[in-house]
Amino acid sequence: MSSYTEEFESKQKPADYYAKLYEELERINEKFNAFNVLVKATGNGMPFSVKDNICVRGIETTASSKILKGYIPPFNATVVDRIIRTGRFSLIGKTNMDEFGFGSFGINCDKPAKNPLDEGRVPGGSSSGAAVATALLKYHVAIAESTGGSISAPAAFCGVVGFTPTYSVLSRYGLIDYANSLDKIGFMARSADDIKIMLDITKGLDKRDSTSSSKPIHRVKHNNLIIIKELMDKVEDGIKSEFYKFTDKLKGLGYNIKTVDFRDIELSIPSYYLIAMSEASTNLAKFTGFKYGFKVEDFSKNYNDFFTEARDKFGEEAKRRIILGTFIRSASVRDKYYLKSLSIRRWMIDKLSMLLKDAFIISPTMPILPPKIEDANRMTPVQNYASDILTIPANLGGFPHISIPFSYSGELPLSAQVIGSHFNDYGVISFASDWEKNFKYKFKYNLGDL
Ligand code: GLN
């Protein structure tokens, strides 16, 4: 086992360790905006952070949305509770993100986080701050969340390990929902072994989340790796050639690699976005300024003005998704879009499950390098959504997957994503762990000895 958590636990720490860490984080946060809230850690555990759409008792939780400004949850999310109860971890802050999880680059919020490996570029999203914090800090693990790639994408763009479990393995209690049938809490860290520690602690049934599962997760290691041709066609040439060098090394370790056709895998994008937006528009309907969300004080206003004042606090992408999601669910087009998307999801799960019976699926994590901030801001919504092509199939199907950095292209990290069958969560983690042991990836930042 080579985990930073265990290394931290066996390390001598000065008495003012957490005070120094806090000061240092205040300083670097000015530059990188990784945290929405910094917390003065108590205890003596491994520093950990929580994405800002996951509730922590007594600490402002806004999902980077103005509509939730000032919301202080009176309870902990189950995953947070389970981590804290061990006494092995100390909270250092709530991490920045795309508002409500809507985005792939971390730019859909008021103060976007910056990529530490190149400040002119995006860190990836929606769990942008979790990835930035993990890239900056040697001793730190992050609780993040993915609906359609929000752990893999930023982990890849910042060069850290990002794990998304099988849907239902981690309780969603205390998560501010984006799309309930797709949301998964997961982790980022600097090693697969740290992720295993977090998963051991947090997995399993929670009576407060009726979709959480009591099914045990397992560890089946496969020697067969599948590459999907149609996915590789979407990858930029430079990334493709580095990825094939990586798979050549895997061949050298004894893995069999096979390329297969999966025509129409691209349909996962519209299917995912239509389902996700439908559910998102329903979830956001409660933020009216009446019971939930920004409080409108003036009750003399008429109906439209009252609700408009509150709902105008949503950012542009959130508004777009509310409008599209509401349309998709409307009676006249429901069958054409929403139900069709559900049947594509079912078909996708069946096809991918067949491939995953005795193999892992492997691909680069992202088809592009982290774009420059101004280029990302210029992308159309459809171009933006298309960048999720490699991360969405696993998310749409609820399959466990892990993004592992394997090399650099100049200053920018390159990562591969490995997908396993349902409940083979330990299988993909141990694949990543084996990879790390064989090939040492070098992290660029270690803030002093913190
Ligand atoms: N980019 C995807 C979206 O915007 C995924 C985001 C996520 O996983 N929260 O929906």
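Note that the structure is predicted; figures quoted are calculated from it, not measured.

Caption draft 1: Representation of the environment of Ile176. Within the element layout of this structure, Ile176 appears in the loop between β5 (161-164) and β6 (184-189). Sequence separation between Ile176 and Thr42 is 134 residues, and the spatial gap between their C-alpha atoms is 25 Å. Leave out the neighbours within four places in its chain, and Ile176 touches Asp52, Asn53, Thr61, Ala63, Leu68 and Phe100.

Caption draft 2: Main features of the site of the ligand. Lining the immediate environment of the ligand, one finds 15 residues, of which Thr147, Gly148, Ser150, Tyr178 and Asp388 sit closest. Within the contact set of the ligand, an oxygen atom lies 2.7 Å away from a backbone nitrogen or oxygen of Thr147. Measuring from a nitrogen atom of the ligand, one finds a side-chain N or O atom of Asp388 at 2.7 Å. Coverage of the ligand by the protein chains reaches 99% of its 290 Å² of free accessible surface.

Caption draft 3: Structural view of the sheet that holds strand β9 (residues 360-364). The eleven strands are arranged β1-β3-β2-β4-β6-β5-β10-β11-β9-β7-β8 in an open sheet whose pairing can be described as mixed. Two strands bound the open sheet, and with one partner strand each, they are β1 (35-38) and β8 (256-260). Sheet twist, expressed as the average angle between the axes of neighbouring strands with direction ignored, equals 30°. On top of the sheet, helix α8 (residues 237-252) reaches β7 (224-228), β8, β9, β10 (401-409) and β11 (412-419); it is set at about 145° to β9, its chief contact.

Caption draft 4: The arrangement of the packing of helix α3 (residues 78-85) against helix α6 (residues 192-202) in detail. Running from amino to carboxyl end, α3 crosses α6 at an angle of 105°, the nearest separation of the two axes being 9 Å. One finds that α3 runs roughly perpendicular with respect to α6. Along its contact with α3, which presents Val79, Arg82 and Ile83, the element α6 presents Met198, Ile201 and Thr202.

Caption draft 5: Molecular detail of the layout of surface pockets. Of the voids in this model, the largest pocket is the one considered here, and its volume is about 870 Å³. Around the largest pocket, the lining comprises 41 residues; the ones closest to its centre are Ser64, Asn108, Cys109, Asp110 and Lys111. If you list the elements that add at least two residues to the lining of the largest pocket, you get α2 (17-32), β1, α11 (316-329), α13 (373-378) and α14 (381-386).

Caption draft 6: Representation of the packing of aromatic side chains in the model. Summed over all chains, the structure comprises 30 aromatic pairs. Judged by centre distance (5.8 Å) and plane angle (75°), the ring pair of Phe262 and Trp347 falls under edge-to-face. Of this pair, Phe262 sits in the loop between β8 and α9 (268-284) while Trp347 sits in helix α12 (residues 334-355); the two residues are 85 residues apart in sequence, bridging distant segments of the chain. Using a relative accessible area of 1% as the deciding quantity, one classes Phe262 as buried. Following the ring pairs from residue to residue traces out a cluster consisting of Phe243, Tyr244, Phe246, Phe406, Trp435 and Phe439. One Lys or Arg, Arg190, reaches over the ring of Phe443 and ends 4.5 Å from the middle of that ring. If you follow Lys313 out to its NZ or CZ, it ends over the ring of Phe294, 4.4 Å from the centre.

Caption draft 7: Quick peek at empty space enclosed by the protein. The tally for this structure, following the rule as stated, stands at five cavities of 30 Å³ or more. The calculated volume of the largest cavity comes to roughly 90 Å³. In terms of lining, the largest cavity is formed by 15 residues, of which the most central are Gly101, Gly103, Ser150, Tyr272 and Tyr273. Of the residues belonging to the lining of the largest cavity, the class tally is four nonpolar, nine polar and two charged.

Caption draft 8: The arrangement of the nonpolar core in detail. Among the nonpolar cores identified, the biggest contains 133 residues, and Phe100 and Ile143 are the most heavily contacted of them. The greatest single-element share of this core, amounting to eight residues, is contributed by α9. In this view, Phe100 contacts Ala63, Ser65, Ile67, Leu68, Ile176, Tyr178, Leu284, Phe287 and Phe314; residues no more than four positions away in its chain are not counted. In this structure, Phe105, Val122, Ala153 and Ala156 belong to the second largest nonpolar core, which totals eight residues.

Caption draft 9: Focus on unusual backbone geometry. Residue Ser126 follows Gly125 across a cis peptide bond; omega there is 10°. By the secondary structure assignment, Ser126 is in the loop between β3 (89-95) and α4 (128-136). Residues other than glycine seldom take positive phi values, yet Ser168 does so here, at roughly 95°. Along the polypeptide, Ser168 turns up in the loop between β5 and β6.

Caption draft 10: Expanded view of the side chain of Ser191. With respect to the helices and strands, the residue Ser191 is situated in the loop between β6 and α6. Residue classification places Ser191 among the buried residues on the basis of a relative accessible area of 3%. If we skip the residues at most four places from it in the chain, Ser191 touches Ser2, Ser3, Tyr4, Val161 and Glu436.

Caption draft 11: Highlighting α6. Counting buried residues along α6, nine of its eleven residues qualify, which places the element largely inside the surrounding structure. For α6, the side-chain oxygen to backbone nitrogen distance between the N-cap and Asp193 is 3.3 Å, and the N-cap itself is Ser191. After α6 finishes, the residue Gly204 shows a positive phi value of roughly 105°.

Caption draft 12: Region of the structure containing the packing of α11 against α12. With their axes 7 Å apart at the nearest point, α11 and α12 run at an angle of 100° to one another. Classed by the angle they form, the pair α11 and α12 counts as roughly perpendicular. Counted together, Phe327, Ile328 and Arg329 of α11 and Arg334, Tyr337 and Tyr338 of α12 form the full contact between these two elements. Each residue belonging to the contact of α11 with α12 can be placed in one class, and the counts come to four nonpolar, no polar and two charged.

Caption draft 13: How the structure looks around a negative patch on the surface. Taken together, the side chains of Asp16, Glu23, Glu26 and Glu30 define an acidic patch exposed on the protein surface. Position of Glu26 relative to the elements: it lies in helix α2. For Glu26, a relative accessible area of 41% puts it in the partly exposed group.

Rules used in this analysis
- Residues numbered from 1 in each chain as written.
- Predicted model: local features only at pLDDT ≥ 70, side-chain atom pairs only at ≥ 80, totals over all residues.
- Heavy atoms only, no water.
- Helix = DSSP H or I, 4+ residues; strand = E, 2+ residues; numbered from the N terminus.
- Contact = heavy atoms within 4.5 Å.
- Near = heavy atom within 4 Å.
- Polar contact = N/O pair within 3.5 Å; in protein donor to acceptor, adjacent residues only side chain to side chain.
- Areas by Shrake-Rupley, 256 points an atom, 1.4 Å probe, with all protein chains shown as cover.
- Pairing = 2+ DSSP bridges.
- Axes fitted to C-alpha atoms, helices over the stretch in contact; angles between N-to-C directions.
- Parallel < 35°, antiparallel > 145°, perpendicular 65-115°, else oblique.
- 1 Å grid on protein atoms, 1.4 Å probe; cavity = no way out; pocket = protein on both sides within 12 Å on 5 of 7 lines; lining within 4 Å.
- Points joined across faces, edges and corners; volume = space filled by probe spheres on them.
- Phe/Tyr/Trp six-rings, centres within 6.5 Å; stacked < 30°, edge-to-face > 60°.
- Buried < 20%, exposed > 50% of the residue type's maximum accessible area, 1.4 Å probe, protein only.
- Lys NZ or Arg CZ within 6 Å of the ring centre and 35° of its normal.
- Nonpolar A, V, L, I, M, F, W, Y, C, P; charged D, E, K, R; others polar.
- Core = buried A, V, L, I, M, F, W, Y, C linked by side-chain atoms within 4.5 Å.
- Patch = residues over 30% accessible without salt bridge, like charges linked within 9 Å, V, L, I, M, F, W, Y side chains within 5 Å.
- Salt bridge = Lys/Arg side-chain N within 4 Å of Asp/Glu carboxyl O.
- Lys, Arg positive; Asp, Glu negative; His and termini not counted.
- Charge placed at Lys NZ, Arg CZ, Asp CG, Glu CD.

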